[in-house]
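Coordinate analysis (summary)
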Amino acid sequence: MGVFSWLTGSRAAPAGATRESAAALRERLLGLNRDTAPWRVRDGAPEGVDLVAEWRIVDARWYEIFAKAGIQRVFKVLMKFDEANGVVRSADQEWSVEWRAGTPDLTLAGSGFRGQSWEMSFESVYAFREDGSWGEVYSYKFNTNEIKGPLHKAAAEAGWGWKGVAFGKL
């Protein structure tokens, strides 16, 4: 790849790997979805890309956890398949979130971001519970590699490279 590959998260396809079709890659990436993960991979047509991996912040099963943790942003990985070069082009996108009445209300604010991002944060809160016992009320962690790692691995297993895009067309 290039000199700044480490900065953008870009990586070449594994040497000697046989490249699968874009359709097979798509199925492989969609196959990463599981009910126990706080993120999902979905069709990216609304965003004009092939696939989107995102935190399940608006999923009824997860929004209460995110709201309790005070999560105030949405993180997405936009993916577009470059079949001619055998790479998945990706851009990270982050938006602010405002919580109202226990449900997420997504708002586009001045803190929007597009490019390549790496972040790790965590929080655990201990307090007295309603029954009077002391203990952990919730625990939260956010790690962009929790989403990106499986995506990179699946692309490599399909014989595709990965190119992080910070500027320009995805």
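Sequence positions are assigned chain by chain, starting from 1 and proceeding in written order. Side-chain atom pairs in this predicted model are given and counted only at pLDDT of 80 or more, local residue features only at pLDDT of at least 70, and totals for whole chains, interfaces and linings cover all residues. Only hydrogens and water are set aside when side-chain values are computed; all heavy atoms of the structure are taken into account.

1. Regarding the nonpolar core
Here, the term nonpolar core denotes a set of buried Ala, Val, Leu, Ile, Met, Phe, Trp, Tyr and Cys residues that are joined through side-chain atoms within 4.5 Å. Throughout this description, buried means an accessible area under 20% of the type-specific maximum (1.4 Å probe, protein chains only), exposed means over 50%, and partly exposed covers the range between. Formed by 21 residues in total, the largest nonpolar core has its most connected members in Met79 and Leu151. Those elements that provide at least two residues to this core are α2 (22-30), β1 (39-43), β2 (51-55), β3 (73-82) and α4 (144-157). Those residues in contact with Met79 that lie beyond four places of it in its chain are Leu29, Val41, Val49, Asp50, Leu51, Val52, Ala53, Val88, Arg89, Ser90, Leu151 and Trp162. In this structure, Val52, Leu78, Ala91 and Val165 belong to the second largest nonpolar core, which totals six residues. The secondary structure listing takes helices from DSSP runs of H or I that are at least 4 residues long and strands from runs of E that are at least 2 residues long, numbered from the N terminus. By the convention used here, residues are in contact when the closest approach between their heavy atoms is within 4.5 Å.

2. Examining α2
Those residues of α2 lying buried are Ala22, Leu25 and Leu29. Seen along its axis, α2 keeps its buried residues to an arc of 55°; they face one direction. In this structure, α2 carries Ala23 and Glu27 as exposed residues pointing more than 90 degrees from its buried face. Comment: arc refers to directions from the helix axis out to C-beta atoms.

3. So, the side chain of Lys148
Relative to the elements of secondary structure, Lys148 occurs in helix α4. Reaching out from Lys148, the side chain makes a polar contact with the side chain of Asp92 at a distance of 2.5 Å. N or O atoms closer than or at 3.5 Å make up a polar contact, with two conditions inside protein: a donor-capable atom paired with an acceptor-capable one, and, for residues adjacent in sequence, both atoms drawn from side chains.

4. Let's talk about the packing of aromatic side chains
Each Phe, Tyr or Trp ring (for Trp, its six-membered ring) is paired with any other whose centre lies within 6.5 Å, and the angle between the two planes then decides the class: stacked below 30 degrees, edge-to-face above 60, tilted in between. What the rule picks out here adds up to two aromatic pairs. When the ring of Phe81 is compared with that of Trp160, the centres are 5.9 Å apart and the planes differ by 55°; the resulting orientation is tilted. Remark: Trp160 occurs in the loop between α4 and β9 (161-164) and Phe81 occurs in strand β3; sequence separation between them is 79 residues. What makes Trp160 buried here is its relative accessible area of 2%. Each ring, one from Phe128 and one from Trp134, has its centre 5.0 Å from the other, and the planes form 70°; the classification is edge-to-face. Since its relative accessible area comes to 62%, Phe128 is described here as exposed. Given the relative accessible area of 54%, Trp134 is considered exposed.

5. Quick notes on the pattern of salt bridges
Any Lys or Arg side-chain nitrogen found within 4 Å of a carboxyl oxygen on Asp or Glu counts as a salt bridge. Throughout the structure, instances matching the rule amount to nine salt bridges. We note a salt bridge from Arg42 to Glu47, for which the minimum N-O separation is 2.5 Å. Since its relative accessible area comes to 27%, Glu47 is described here as partly exposed. Across the pair Lys76 and Glu47 runs a salt bridge whose closest N-O atoms are separated by 3.2 Å. Of this pair, Lys76 sits in strand β3 while Glu47 sits in the loop between β1 and β2, and the two are 29 residues apart along the sequence. The class for Lys76 is buried, based on a relative accessible area of 14%.

6. A few points about the environment of Ala166
The topology assignment puts Ala166 in the segment after β9. Along the backbone, Ala166 and Ala91 are 75 residues apart, and their C-alpha atoms lie at a distance of 6.4 Å.

7. Quick notes on the side chain of His152
You can see His152 is positioned in helix α4. Classification of His152 as buried rests on a relative accessible area of 12%. Looking at His152, its side chain comes within polar contact range of the side chain of Trp162, at 3.2 Å.

8. Things to note about a nonpolar patch on the surface
What goes into a patch is any residue over 30% in relative accessible area without a salt bridge, connected to like charges within 9 Å or, for nonpolar side chains (Val, Leu, Ile, Met, Phe, Trp, Tyr), within 5 Å. Note that accessible areas follow from Shrake-Rupley with a 1.4 Å probe, and for residues the cover is restricted to the protein chains shown. There is a patch of nonpolar side chains on the surface, built from Tyr126, Phe128 and Trp134 and spanning about 420 Å² of accessible area. For Phe128, the location among the structural elements is in strand β7 (residues 120-128).

9. As for the confidence of the model for the protein
Confidence in the prediction of the protein, expressed as mean pLDDT, is 76, and 62% of residues score 70 or more. When mean pLDDT is taken per element in the protein, α2 scores highest with 97 and strand β6 (residues 113-115) scores lowest with 47. Note that pLDDT drops below 50 for residues 107-115; the model gives that stretch 20 contacts with residues more than four away or on any other chain. Confidence scores labelled pLDDT are given residue by residue by the predictor and lie between 0 and 100.

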